Amino acid sequence: MRCAAASVLVLAMISTVAGCAGGPPLPEPDVMEVMLPIPADQVKTAVADVLTQGGYTVDQDEDGNVTTGMRQEIRSPWNGLLRWRFGVGKSRVEARVVPQDDSTTRLRLQVFHRGKDGLFDSWEDAETPLPQSAANEIRLIKNALRLL
């Protein structure tokens, strides 16, 4: 009887430890989609301007896709080292500009953010800080288009 109780106790301990072995939950995607009463060319230009002013290198294609590299955190030769090793966060943006008609455009913007806690930690998906969030980028784009 004592052996059965010990085996049940060991089994309970193993299941408890195994249940705690999962990693942290992934953050929700930082995505916003809006309809703007502005022609697509003006929206695409405003998106590129706002992201460039925010420290991103912007690439555009003819299909309405706007993508960026990782955001430049500081304007110096050390920026690459900061993003590669020492930084605590880095982000990039993907936007899709779709004309609905001559005067209306649908904009879908997603921010991808990665972070780490220390010098020797690895980069992981993380929650986007407010200044780089999709909601803030949309607000800045609307402001550039004089919609606010």
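Everything below is about the structure shown above.
Predicted model, so just to flag it, every value in this text is computed and none were measured.

Asker: I'd like to hear about the overall build of the protein, residue by residue, with values.
Answerer: Each helix and strand in the protein was counted, giving four helices and six strands. Secondary structure elements of the protein occur, N-terminal to C-terminal, as α-β-α-β-β-α-β-β-β-α. Burial statistics for the protein: of 148 residues in total, 31% are counted as buried. When contacts within the protein are restricted to residue pairs at least 6 apart in sequence, long-range pairs at least 24 apart make up 54% of them. Total accessible area on the protein stands at roughly 9800 Å², and carbon and sulfur atoms take up 57% of it.

Asker: If you had to explain the nonpolar core to someone new, which residues and values would you point to?
Answerer: The tendency in soluble globular proteins is for nonpolar side chains to be buried side by side. In terms of nonpolar packing, the biggest core is built from 21 residues, with Val-43, Val-47, Leu-107, Leu-109, Ile-141 and Leu-145 touching the most fellow members. Elements represented by at least two residues in this core include exactly β1 (30-36), α2 (40-53), β4 (89-99), β5 (105-115) and α4 (134-144). Examining the composition of this core, we find that six residues originate from one element, α2, more than from any other.

Asker: Account for the packing of aromatic side chains, with residues named and values stated.
Answerer: What characterises a pair of aromatic rings is the spacing of the ring centres plus the angle enclosed by the ring planes. Scanning all chains against the criterion turns up zero aromatic pairs. Note that Arg-92 overlies the ring of Phe-112, its terminal NZ or CZ placed 4.3 Å from the centroid.

Definitions and limits used
- Throughout, residues of each chain are indexed from 1 in the direction in which the sequence is written.
- This being a predicted model, a pLDDT of at least 70 is required before a residue's local features are given, and a value of 80 or more before pairs of side-chain atoms are given or counted; all residues contribute to the totals for chains, interfaces and linings.
- Calculation of side-chain values draws on the structure's entire complement of heavy atoms; hydrogens and water are dropped beforehand.
- Secondary structure elements follow DSSP: runs of H or I no shorter than four residues count as helices, runs of E no shorter than two count as strands, and numbering proceeds from the N terminus.
- Think of it in three bands: with a 1.4 Å probe and only protein chains considered, a residue is buried below 20% of the maximum accessible area for its type, exposed above 50%, and partly exposed in between.
- Note on contacts: a residue pair is in contact if any heavy atoms of the two residues lie within 4.5 Å.
- Method for areas: the Shrake-Rupley scheme with a 1.4 Å probe, in which residue coverage is limited to the protein chains shown.
- Working definition of a nonpolar core: buried Ala, Val, Leu, Ile, Met, Phe, Trp, Tyr and Cys residues. They are joined through side-chain atoms within 4.5 Å.
- Any two rings among Phe, Tyr and Trp, with Trp reduced to its six-membered ring, count as a pair given centres within 6.5 Å; such a pair is stacked if its planes are under 30 degrees apart, edge-to-face if over 60, and tilted if neither.
- Geometrically, a lysine NZ or arginine CZ counts as sitting over a ring once it is within 6 Å of the ring centre and also within 35 degrees of the ring normal.

So, to be careful, I would describe these as geometric facts and stop short of saying anything about function.
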